[in-house]
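Next come the chains, spelled out residue by residue.
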Amino acid sequence: MYERARGAESPWDAYLRLIPDREPVPLIWPADEAERLLAGTELDKIVKQDRQFICEDWKECIEPLILSGELEVGPDDFSLENYFSAKSLLSSRSFRIDSYHGSGMVPLADLFNHKTGGEHVHFTSAIETSDSDSEDGEDPSNTSSDEQSTIENSADIPSAGGDEDLEMIVVRGVNAGEEVFNTYGTMGNAALLHRYGFTEIDNPYDIVNIDLALVTKWCSTKYSRRYSKARVSLWHNLGYSSCTGQDADYFEISYDGEPQLELLILLYVISLKSDAYDKLASVAHDLIGDDEVDSISSVVKVVRVTSHKQHPEINGLEKLSDVKKLLLKENVCSALASLADMRESLYGSDTLEDDRQKLQACSSVNERNLYHSLVLRVSERTILHKLKKYSSSWSRTKKRKHL
Ligand SMILES: C[S@@+](CC[C@H](N)C(=O)[O-])C[C@H]1O[C@@H](n2cnc3c(N)ncnc32)[C@H](O)[C@@H]1O
């Protein structure tokens, strides 16, 4: 904002004139439009919160600067609107460079659009020797909405002179005339829309979250508060917890509709008959596991302790998806279906089919905000439908086995 206000005197003038004034992230959509288009989605609460925090920031940090007159810029240059625009540029164009430089805007490095799983270039720091192919040095499983683009192989210490150069390397061949893509990381549509203002159809990193509060709400429709509290607390005592977000604890449902293990265990514990629950409560302290392999074996132990029958087939289970199947009892499946319905109801009265038809009729160029919000709604709701299928397919399998 300051460099923009300096105009031709700024060393960044040429760069700032090249890039847009703002990027169309939901933060800068008209507030009522954002509220309407994002209702029920993973961005519903986050964008409202962002807006509030940024207004507070502006009041606390920028307004006093304007009033002090120290920066010799006009009040309009530092307006709240310009502050939002600057934030949208930072969100969509800044890179995490390294721990010394922190985050910054890097001319040229921000030239490329993003493509999930199909990028042609990577940025690397010239001072590192390794040519790792890992994406931006990030944990690929992390699809949180605040993920940052990072220049890979970045060093932790400042280096002298020309060594600070960044290199752009080609990692996949490009045909003449084709657009050259980068990757901003492994991000689902909520994260892409939040930070960059666009979405991708059929993005395999999409997820939808089910809040812990929704699970407790469902629980309160079936059981007493005392019952629910005791079950949730046993689940905690077994060493399980939900993911912790900015303002809510939640469970992830992956692109293929598979619920996070922790949610399945919670529903399993909630639906245990009282004798099995008592048995499990009495040995809970012996069953705690803390890494992935342990978590598999501790699920096996939970199932063994709480089952009347012997299950010789569970001894050799090594895959998480197989272990999850052990937990898919009829009550757990019906709880999953109810949770999917409750989560789905947050999108309002339009059905998934309505959304799909609207998306087909919508222009990604002329109705950009509507288009990307519809892609997000359709992606999330499709996952909820897969979750319902996941729960019903397993309950059908169990019924067939009992026949
Ligand atoms: C770092 S810039 C990328 C280059 C940009 N097109 C430019 O103006 O130089 C990031 C912005 O480009 C746009 N963008 C990047 N990848 C995109 C994609 N796959 N589809 C649509 N827009 C994309 C978004 O507006 C995003 O905020």
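Residues numbered from 1 in each chain as written. Predicted model: local features only at pLDDT ≥ 70, side-chain atom pairs only at ≥ 80, totals over all residues. Heavy atoms only, no water.

Engineer: How do you make sense of the sheet that holds strand β7 (residues 207-211) when you look at a structure like this?
Structural biologist: Strand pairing in a sheet is mediated by backbone hydrogen bonds. Such pairs are either parallel or antiparallel. Spatially, the three strands line up as an open sheet ordered β7-β9-β8, and their pairing is antiparallel. Edge positions in the open sheet fall to β7 and β8 (243-244), since each of these has one partner strand only. In terms of strand pairing, β8 meets strand β9 (residues 249-254) through two bridges, oriented antiparallel. The residue of β9 that forms the bridge with C243 is Y250. Against the sheet, helix α7 (residues 212-222) contacts β7 and β9, and its axis sits at roughly 50° relative to β7. (Pairing = 2+ DSSP bridges. Helix = DSSP H or I, 4+ residues; strand = E, 2+ residues; numbered from the N terminus. Contact = heavy atoms within 4.5 Å. Axes fitted to C-alpha atoms, helices over the stretch in contact; angles between N-to-C directions.)

Engineer: I tried to follow the site of the ligand on my own but got confused; where do I start?
Structural biologist: Surrounding the ligand, one finds E23, S92, R93, D110, L111, F112, N113, H114, Y184, Y196, F198 and R368. A distance of 2.9 Å is found between a nitrogen atom of the ligand and a backbone nitrogen or oxygen belonging to H114. Here Y196 contributes a backbone N or O atom positioned 2.6 Å from an oxygen atom of the ligand. Protein contact buries 77% of the 560 Å² of open area that the ligand shows by itself. Looking at the shell around the ligand, the elements that each hand over two or more residues are α5 (80-93) and β3 (113-114). Of the residues assigned to the shell around the ligand, the class counts are five nonpolar, three polar and four charged. (Near = heavy atom within 4 Å. Polar contact = N/O pair within 3.5 Å; in protein donor to acceptor, adjacent residues only side chain to side chain. Areas by Shrake-Rupley, 256 points an atom, 1.4 Å probe, with all protein chains shown as cover. Nonpolar A, V, L, I, M, F, W, Y, C, P; charged D, E, K, R; others polar.)

Engineer: Would you mind going over the pairing of strand β1 (residues 94-98) with me for this structure?
Structural biologist: Strand residues, when the strand is regular, have side chains that alternate between the two faces of the sheet. With four of its five residues buried, β1 lies for the most part within the structure. Pairing between β1 and strand β2 (residues 102-105): four bridges, direction antiparallel. By the bridge assignment for β2, S94 is matched with M105. (Buried < 20%, exposed > 50% of the residue type's maximum accessible area, 1.4 Å probe, protein only.)

Engineer: For this particular structure, what's the right way to read the confidence of the model for the protein?
Structural biologist: Note: predicted coordinates in regions of low pLDDT should not be interpreted at a detailed level. Summing up the model confidence of the protein, the mean pLDDT is 86 and the portion of residues at 70 or higher is 85%. With pLDDT under 50 throughout, residues 128-148 is counted as low confidence; its partners more than four residues away or in other chains account for 50 contacts. (pLDDT = per-residue confidence, 0-100.)

Engineer: What should I look at first to understand α7 in this one?
Structural biologist: The periodicity of an α-helix, 3.6 residues per turn, causes residues three or four positions apart to be oriented the same way. Within the span of α7, buried status applies to L212, L214, V215, W218 and C219. Taken around the axis of α7, the buried residues stretch over an arc of 160°, which confines them to a single face. Facing away from the buried side of α7 by more than 90 degrees, the exposed set consists of A213, K217, S220 and T221. Looking at the buried side of α7, the elements it contacts are β7, α8 (225-237), β9, α9 (261-270) and α13 (330-344). (Arc of directions from axis to C-beta.)

Engineer: Please explain the side chain of N189 as it appears in this structure.
Structural biologist: Checked against the element boundaries, N189 lands in helix α6 (residues 189-196). When its relative accessible area of 0% is taken as the criterion, N189 is described as buried. In this structure the side chain of N189 is engaged in a polar contact, spanning 3.4 Å, whose partner is the side chain of N203.

Engineer: For this particular structure, what's the right way to read helix α14 (residues 352-361)?
Structural biologist: Taken residue by residue, α14 has L352, D355 and L359 as its buried positions. The buried residues of α14 occupy an angular sector of 60° when the element is viewed end-on, so they sit on one face. Among the exposed residues of α14, those oriented more than 90 degrees off its buried face are Q360 and A361.

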